[in-house]
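Spelled out from the first residue to the last, the chains are:
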Amino acid sequence: MFGRKSSKRRRKNYPAKQEYHSHTSHRIYVVTWNVSTKFPENISLHKLLGLENSPDQDSHLPDFFVIGLQEVNAQPQNTLYNLFKDDLWTQKFKDILKERDYVVIKTEQMQGLLLSVFARRKHLLHLRQVETEYTRTGLGGIWGNKGAVSIRMNIYGSSICLVNAHLAAHDHMLEERINDYERIVQEQKFHVKAKETIFDHDYVFWFGDLNFRLTGEATTSPDEIRAMVARDELKQLIERDQLLLVRREGRAFQKLQERLPQFPPTFKFEHGSNEYDMKRRPAWTDRILYAVNENNYRNVRLTVEQTSYKSHPSYNISDHKPVTSEFTLKIVRKSRYNSEQLRKEYNNRLSYKLAMANNSDLHSFDGIVADLVDTTERTQVYEDESERTISFKPIELWQVGEPNTIEYVIPSGFDESNADWIGIYRENFNSLNEYLAYEYTETYKDKQHQLNEQQMQHLQNTRTVRLTFSENVSLPLGERYQLLYFQSTGTRGVTGLVGISSPFAVEKRCPSPTFDDID
């Protein structure tokens, strides 16, 4: 009787599917720099990214680069240029990182605020639910010279939010900076379930020209601050830092952590030099903070290790010095096992153990159950539903100037969005914005309310779908291409890359002979 009751109690607690959490470590390298409207001309950015001049000499490359710039030149002619091409800063970083097989995942710009995320190519199919947001705080919220841009995404199932901010300037504007922070936290809303706000995410990185200054404006002159820096009295100086003080008081940024800067103040310098501009009091305006929700998962404790935090004084085109920080994250990979199969395995092994065991060495029934469940949990693991991918059937040849029909396989239970699309890219593309042509998938064209129950059930099963690209799609000859399937909810919506085809070649069919060609 004791054994039967124990068995029932355990069965009652089984859901139809249960989550299993494993984890891996990934490295992220964050850059923040107020570039003071300058262009990246005649400068090398390798050292800023922690890279050697030659890719062959690089070691321990991070999985992701996150680059946040402030005061990018946003004059009307440059804004128009950026509608058709990457801005000059993004292009400069891309030229360096493409040699190391990084791909631009997303870029978001609001006037002078620019945020870009680069990922190693091997991670592309594991970056889901990418979404951007922005908040204006300049002139009471109507002007985008101040504020924040953000990018959120899931990385192998863990959620991350990246915020690049430029807050109110000047020593006496502390309350305005606090108000800017509060406005950004309140107004940034995402469309991913349970991750609607910045601090809902597993990991948050908040960086930028936060513009916090040193207290004692009336009692400490720029010359005195410079003298303290020269004497390496940074520990005494950082105690006057406004950001540190408001965090301690719980007035702003209290949910974020920061390793205190051990580098000199990064503002304000004379352009083209490493000398402080004595018209302003030097300050640590440029910062990188982070937060982790350690207990978001039942059996895994999330952690983040900050392995570096430094400024780069050799860069002198701006009145700010760039700041970088590198982190190692514990990324949770969610999987599921089917408890029905677990129960069958449990019953088979239980019968075997009871038949083979002697009364003298038979341990308690609960002990048997625990042993069986522990073993089968480790063996009955399946891929997380959010990691399902689209597979393309091989494309033997693409005929230029003619309609081309492709085939792809949608796995069972795949959650199609209402604006999924397939783009054509060059092989070894360097940005997800570099599509040459695209077509929306059948989910966008079909009206689901017109489908009957049987048709709706068919959509939930594994199925092969055909999609035809127009004859007007023009692809240059002599190159190879790939198809990319994007799960998307629409313009400025939630997007994720879920399928990549094998490379294929293109050719132009020779025209059929006419009567005029016959002698």
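Per chain, residue numbering runs from 1 following the sequence as it is written. Local features in this predicted model are restricted to residues of pLDDT 70 or higher, and side-chain atom pairs are both shown and tallied only at a pLDDT of 80 or more, whereas totals for entire chains, interfaces and linings draw on every residue. Based on all heavy atoms of the structure, the side-chain values leave hydrogens and waters out of the count.

Looking now at the overall build of the protein. Tallying secondary structure elements over the protein gives 11 helices and 21 strands in all. When a residue's accessible area, from a 1.4 Å probe over protein chains only, is under 20% of the maximum for its type it is buried; when over 50% it is exposed; and in between it is partly exposed. Buried residues in the protein amount to 50% of all 519 residues. For this analysis, residues touch if any pair of their heavy atoms sits within 4.5 Å. Sequence separation of 24 or more characterises 72% of the internal contacts of the protein that already satisfy a separation of 6 or more. A run of DSSP states H or I qualifies as a helix once it reaches four residues; a run of E qualifies as a strand once it reaches two. Both are numbered from the N-terminal end.

Below, the discussion takes up the nonpolar core. Throughout this description, the term nonpolar core refers to a set of buried Ala, Val, Leu, Ile, Met, Phe, Trp, Tyr and Cys residues connected via side-chain atoms within 4.5 Å. With 55 residues, the main nonpolar core has I28 and F205 as its most contacted residues. Ranked by residue count, the leading element in this core is strand β11 (residues 323–338), at 5 residues. Discounting residues that sit within four places of it in the chain, I28 has contacts with F64, V66, I160, L162, F205, S325, E326, F327 and L329. Among the nonpolar cores identified, the runner-up in size contains 24 residues, and L69, V72, I96 and Y102 belong to it.

Next up on the list: unusual backbone geometry. With omega at 0 degrees, the peptide bond leading from F267 into K268 counts as cis. Inspection of the secondary structure assignment puts K268 in the loop between α7 (242–249) and β9 (286–292). Here N428, not a glycine, exhibits a phi torsion of approximately 60 degrees, which is positive. Checked against the element boundaries, N428 lands in the loop between β16 (421–426) and β17 (437–440).

What follows deals with the sheet that holds strand β18 (residues 463–469). Sheets are built from strands that pair by backbone hydrogen bonding, the pairs being arranged parallel or antiparallel. DSSP-based pairing: two strands are paired if at least 2 bridges between them are found. The 3 strands are arranged β13-β15-β18 in an open sheet whose pairing can be described as antiparallel. Two strands bound the open sheet, and with one partner strand each, they are β13 (391–392) and β18. When strand β15 (residues 404–410) meets β18, the two strands line up antiparallel, connected through 7 bridges. Note that in β18 the partner of E407 across the bridge is R466.

Counting through the fold element by element, E217 comes out in the loop between β8 (203–209) and α5 (222–230). A sequence separation of 45 residues divides E217 from H172, and the C-alpha atoms of the two residues are 8.2 Å apart. Setting aside residues up to four positions removed in sequence, E217 forms contacts with D171, H172 and R281.

This part covers the pattern of salt bridges. Salt bridges are identified by distance alone: a Lys or Arg side-chain nitrogen within 4 Å of an Asp or Glu carboxyl oxygen. Tallied over the full model, the rule gives 24 salt bridges. The shortest N-O distance in the salt bridge between D95 and K98 comes to 3.7 Å. Linking D95 with K98, this pair stays in helix α3 (residues 88–98), spanning 3 residues, or about one helical turn. Taking the relative accessible area as the measure of exposure, K98 reaches 36% and is therefore partly exposed.

So, on to the packing of aromatic side chains. Any two rings among Phe, Tyr and Trp, with Trp reduced to its six-membered ring, count as a pair given centres within 6.5 Å; such a pair is stacked if its planes are under 30 degrees apart, edge-to-face if over 60, and tilted if neither. In total, this model carries 27 aromatic pairs according to the counting rule given. Look at W421 and Y438: their rings are 5.8 Å apart centre to centre, the planes differ by 75 degrees, and that puts the pair in the edge-to-face class. Remark: Y438 occurs in strand β17 and W421 occurs in strand β16; sequence separation between them is 17 residues. You can call W421 buried: its relative accessible area is 14%. With a relative accessible area of 40%, Y438 lands in the partly exposed category. Here Y425 and F429 contribute two aromatic rings whose centre-to-centre distance is 5.3 Å and whose plane-to-plane angle is 55 degrees, an arrangement assigned as tilted. For Y425, a relative accessible area of 0% corresponds to the buried category. Feature note: the residues W421, Y425, F429, Y435, Y438, Y440 and F486 constitute an aromatic cluster, connected by ring pairs.

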